[in-house]
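# Summary of structural features
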Amino acid sequence: MKRKIVMRGMLAAALYSGASLCVMPPATAQTPGKAITVEIPAGKLSTALNALAARLGLQIGIEASLVRERTTSGLSGSFTPSQAISRLLRGTGLQYRFLNDKVVTITATPQASVEAEGTELEPIIVSGAGFGRFNGEKTAAYDQAQSAYFVDEETISRLTGSSPSDILKGIPGVYTGEARTGGGIDPNIRGLQGQKRVKVTVDGAENSIDVYRGYAGRQERNYIDPDLISSVSVFKGPSPALDAIGGTIAMSTIRPQDILIEGNEIGVRLRGSVASNSASLPDTFNAPENTDRNSFFEPQTGNGSAAFALSQENFDVVGAYAKRHNGNYFAGSKGRDKYRIFQDGREENSVAKLYPDNGEVFNTSSQTESALFKLTLRPFEDHTLDLGYRYFNGRMGEIMSSQILRNSTGSIPQWDPSTVKSDSVTARYRWNPQDNDLIDLTANFAYSHLAYDGYLTLSSQTPSDRPACNDDPFSERCYKRFYGASRIMETTSVDIANTSKVDTEIGQFKINYGAALRFEKLFPPSDAPSEANGRQVSGNFHQQADREQFDSFGTVTWEPDERLDISLGGRFTKFKTYDHNKRREEETYTINRKSLYFYKNETEYDFLVDGDGNLVPDGNGWYLYDYSLPLETRPVPRGNAFWYSDAQGNYTDATDPRKMPDGKGYPVGHAGDDSEMTSLSSLDFDDSLTLVESDQWSSEGKRTIYYDNLRRRNSGFAPSLSGSYEVSMAGSFTRPIPTGFACRASRNPWSATLRPRCLPI
């Protein structure tokens, strides 16, 4: 008779199947042992047992048919080996027995044995260690239909290099943008990147900033020190529970089991490294390149971290501090010609042209320090509360990409590094009663405050800078003001979700549902450079906006057996945004005018005569008037002025020179001569005698129009349908499968392609 061994390594895409719910009698010959912190998600019993065996270093013997149709609600807390196995087997109809302190056998209870069909086989000893990369908790990412990848703490420690982005190395379909500058992680999943297309969380909290890179697009940077990361789960593509169309990268910070030696309750982990091929950061804009790389004995690149953990039955404490210093690195000496660009016999600007062989690459340094504190409380059975705080402070070298494309000096200057400072607070509550399949409740709260100050956008250029800097925006005098960008991003989120499992005659139904609320605020710091009202007007001014989003989601997964699952669900999203900046535009309009002619009534008098009837001279060549003998009164011209229409074509008091405090006009005989304009009060005219006439003159004027603040609100529903089916080829081979390997062929439900593979056990 052929035997099939169900191993964790074989379960690459299967989802959970129904379990028989029988009460397990007390186990015998238990070995209490030392309590150890264990985190095993709910799922297939075979997966959970392999994870437990790997965590505790046990050998577990069990017949494959006993676990094929069974699931477990998982573990979370500190347990002895016997307590952990007892919890996993609760409600499965199975019992266990320790043969010694490292070997355990699992068999069916007498009642379950009678009900089970088939031939009873002797136990098969299965080792819990050495299952390769599909061991332990790693398979949780693969045990579903969605394309996923898992990176554990051991792998992260090997991949830690000069950039935090190195922790994502080697993940198929996942890339990072500008990994050597800026100091952040900007992931790309299958070509989708930035603008919230890929959601990155650390302990459930988002902590990213959107950075404009000119013609190079935008970056959505996430900041974290690799020494503080325990695991990375990558889920590719959309799903109702994930608020991103490209996928999600979920990072978890270090846990007690990443620090403690097995069996210990308290411990400290120290790490450090140094590297060569770098130079100290220049302190001047036009600094010459260093010619010599540093050595291991004079390092300019290195990192160190210290982590502390305390694990007790009802609580865990983790604290960590990490610091990194990377100087500007040096270019290599081979392969440069492949990247040089020539056109019409002339070399175009490129990185290869401006950075010579073995030369220092300016603006690639980074200096960061990070801190982490976590407290896990288990006040009651099946209840867990995780509280966390994370701090990050860094100075990272970077420069606008256009400085390379438009460079005319033949060299790249050293810009001042950008600065990033962030604080994050998280709280996560989980209630997962072992005896209730309807409740697996999680609630999360996260708050983050991130401040960025760098030189990668035109956002803070004020009007007073333009005439002085437009001629040379890349000069040391101008680049900070021309490209300066200071902004603060605050994010607050709350979400709650529950998973219920219902067993029926046609299979198990798993229902996942929940809701989330998110608030975002983007604003400049109080000391950011600006002119009057500059923060309220867009167009080379600071960004300032608010955003609110509400989500609800639900998915129903039907699992008629362990190989087939079909999921149907959807996500409803409703959001609203408010831009504090007002949109402005320059508008051209026609200016008309009217001519104003000013007069004053004057009376004419007869000449004064003496007793002889002769005219009396005034001594100035003329004659005196007899003011007692008026002849007539008539209006006399005193001057003129122009009355211009406003931007709407109306003639108002605001443009009437007679109503304006500083209204001016032309004296008689000087119309149109602006040099002779004088105050209207000096013209001494009678306003009641003013003559207003239409004028044929017109001109064009320009005005600035400010629109209302931009507000947007919308909602939508995104349905989801997925399924998977596993094809096991383990029983169809004509010759035995070599010991230590499990082979399986998986098939995409929408494709006829079979993909057989053998995984190391």
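None of the values given here were measured: they were computed from a predicted structure.

### Comments concerning the sheet that holds strand β13 (residues 198-202)
Strands sit in the order β9-β16-β17-β13 across an open sheet of four strands; the sheet is mixed. One side of each edge strand has no neighbouring strand; the edge strands of this open sheet are β9 (148-151) and β13. Shown here is a sheet whose adjacent strand axes are inclined to one another by a mean of 10°, direction ignored. When β13 meets strand β17 (residues 247-253), the two strands line up parallel, connected through five bridges. Counterpart to Lys-199 in the pairing with β17 is Thr-248.

### Quick look at the sheet that holds strand β33 (residues 584-607)
The five strands are arranged β36-β35-β34-β33-β37 in an open sheet whose pairing can be described as antiparallel. Across the chains shown, the open sheet's two edge strands, defined by having one partner strand only, are β36 (678-679) and β37 (686-706). In this sheet, β36 lies alongside strand β35 (residues 664-667) in antiparallel orientation, the contact comprising two bridges. Pairing of Lys-664 across the sheet is with Ser-679, part of β36.

### A few points about the confidence of the model for the protein
Mean pLDDT over the protein works out to 78, with 81% of the residues at or above the 70 mark. Taken as a whole, residues 729-761 scores under 50 in pLDDT and shows 59 contacts with residues more than four places along the chain or in a different chain.

### As for the environment of Phe-445
By the element assignment, Phe-445 lies in strand β28 (residues 441-454). Residue Phe-445 is classed as partly exposed on the basis of its relative accessible area, which comes to 33%. Through-space distance from the C-alpha of Phe-445 to that of Val-425 is 8.2 Å; in sequence the pair is 20 residues apart. Look past the residues within four positions of Phe-445 in its chain and what remains in contact with it is Val-425, Thr-426, Ala-427, Thr-492, Ser-493 and Val-494.

### Examining the pairing of strand β5 (residues 75-79)
Most of β5 sits inside the fold, with four of its five residues counted as buried. The pairing of strand β1 (residues 36-40) with β5 spans five bridges and is antiparallel. Following the sheet pairing, Thr-37 is matched in β5 by Ser-78.

### A closer look at the packing of aromatic side chains
When we look at a pair of aromatic rings, we describe it by the centre distance and by the angle of the planes. The final tally for this structure, using the stated rule, is 14 aromatic pairs. When the centroid spacing of 4.8 Å and the interplanar angle of 70° are considered together, the rings of Tyr-605 and Tyr-627 count as edge-to-face. Taken as a pair, Tyr-605 in strand β33 and Tyr-627 in strand β34 (residues 625-644) lie far apart in primary sequence, 22 residues in all. Taken together, the ring pairs connect Tyr-605, Phe-607, Trp-622, Tyr-623, Tyr-625 and Tyr-627 into an aromatic cluster. Against the face of Tyr-651 rests Lys-594, its NZ or CZ located 4.6 Å from the ring centre.

### So, unusual backbone geometry
Positive phi, close to 65°, is recorded for Asn-277, a residue that is not glycine. Structurally, Asn-277 is set in the loop between β18 (266-275) and β19 (278-279). You can call Asn-277 partly exposed: its relative accessible area is 27%. The phi angle at Asp-382 is positive, at roughly 75°, despite the residue not being glycine. With respect to the helices and strands, Asp-382 occurs in the loop between β25 (366-377) and β26 (383-396).

### Some remarks on the pattern of salt bridges
Applying the stated rule across the entire model yields 29 salt bridges. For Arg-378, the salt bridge identified is with Asp-316, shortest N-O distance 3.0 Å. On the criterion of sequence distance, the pair formed by Arg-378 in the loop between β25 and β26 and Asp-316 in strand β21 (residues 315-326) is long-range, its members being 62 residues apart. Using a relative accessible area of 6% as the deciding quantity, one classes Arg-378 as buried. Across the salt bridge formed by Glu-520 and Arg-518, the nearest N and O atoms sit 2.5 Å from each other. By relative accessible area, which is 10% here, Glu-520 ends up buried. Each of the salt bridges in this network shares a partner with another, and the network as a whole consists of Glu-153, Asp-225, Asp-227, Arg-269, Arg-271 and Arg-324.

### Looking at the nonpolar core
The biggest cluster of nonpolar side chains holds 27 residues, and the ones touching the most others in it are Ile-40, Leu-49, Leu-52, Leu-75, Ile-85, Leu-94 and Ile-106. Those elements that provide at least two residues to this core are β1, α1 (45-56), α2 (64-67), β5, α3 (81-89), β6 (94-98) and β7 (103-108). Looking at this core, the element that brings in the most residues is α1, giving seven residues. For Ile-85, the contacting residues outside a window of four places in its chain are Leu-52, Leu-58, Tyr-96, Phe-98 and Val-104. In terms of nonpolar packing, the next biggest core, distinct from the first, is built from 26 residues, Ile-209, Tyr-223, Ala-331 and Tyr-483 among them.

### Description of α3
Each turn of an α-helix holds 3.6 residues, which means side chains three or four residues apart point in the same direction. By the criterion of burial, α3 is predominantly enclosed, with seven of the nine residues buried. Residues of α3 that are buried include every one of Pro-81, Ser-82, Ala-84, Ile-85, Arg-87, Leu-88 and Leu-89, and no others. Turning to α3, the residues buried within the fold contact β1, α1, β4 (71-72), β5, β6 and β7. In the stretch just after α3, Gly-91 is the one whose phi turns positive, near 80°.

### Examining α1
A rise of 1.5 Å per residue sets the reference length of α1, with its twelve residues, at 16 Å; its end C-alpha atoms lie 16 Å apart and thus fit the reference within 8%. α1 sits mainly inside the fold: ten of its twelve residues count as buried. For α1, the set of buried residues is Leu-45, Ser-46, Thr-47, Ala-48, Leu-49, Asn-50, Ala-51, Leu-52, Ala-53 and Leu-56. Gly-57 lies just past α1 and shows a positive phi near 70°.

Thresholds, definitions, all that
- Residues numbered from 1 in each chain as written.
- Predicted model: local features only at pLDDT ≥ 70, side-chain atom pairs only at ≥ 80, totals over all residues.
- Heavy atoms only, no water.
- Pairing = 2+ DSSP bridges.
- Helix = DSSP H or I, 4+ residues; strand = E, 2+ residues; numbered from the N terminus.
- Axes fitted to C-alpha atoms, helices over the stretch in contact; angles between N-to-C directions.
- pLDDT = per-residue confidence, 0-100.
- Contact = heavy atoms within 4.5 Å.
- Buried < 20%, exposed > 50% of the residue type's maximum accessible area, 1.4 Å probe, protein only.
- Phe/Tyr/Trp six-rings, centres within 6.5 Å; stacked < 30°, edge-to-face > 60°.
- Lys NZ or Arg CZ within 6 Å of the ring centre and 35° of its normal.
- Salt bridge = Lys/Arg side-chain N within 4 Å of Asp/Glu carboxyl O.
- Core = buried A, V, L, I, M, F, W, Y, C linked by side-chain atoms within 4.5 Å.
- Expected span 1.5 Å × (residues − 1).

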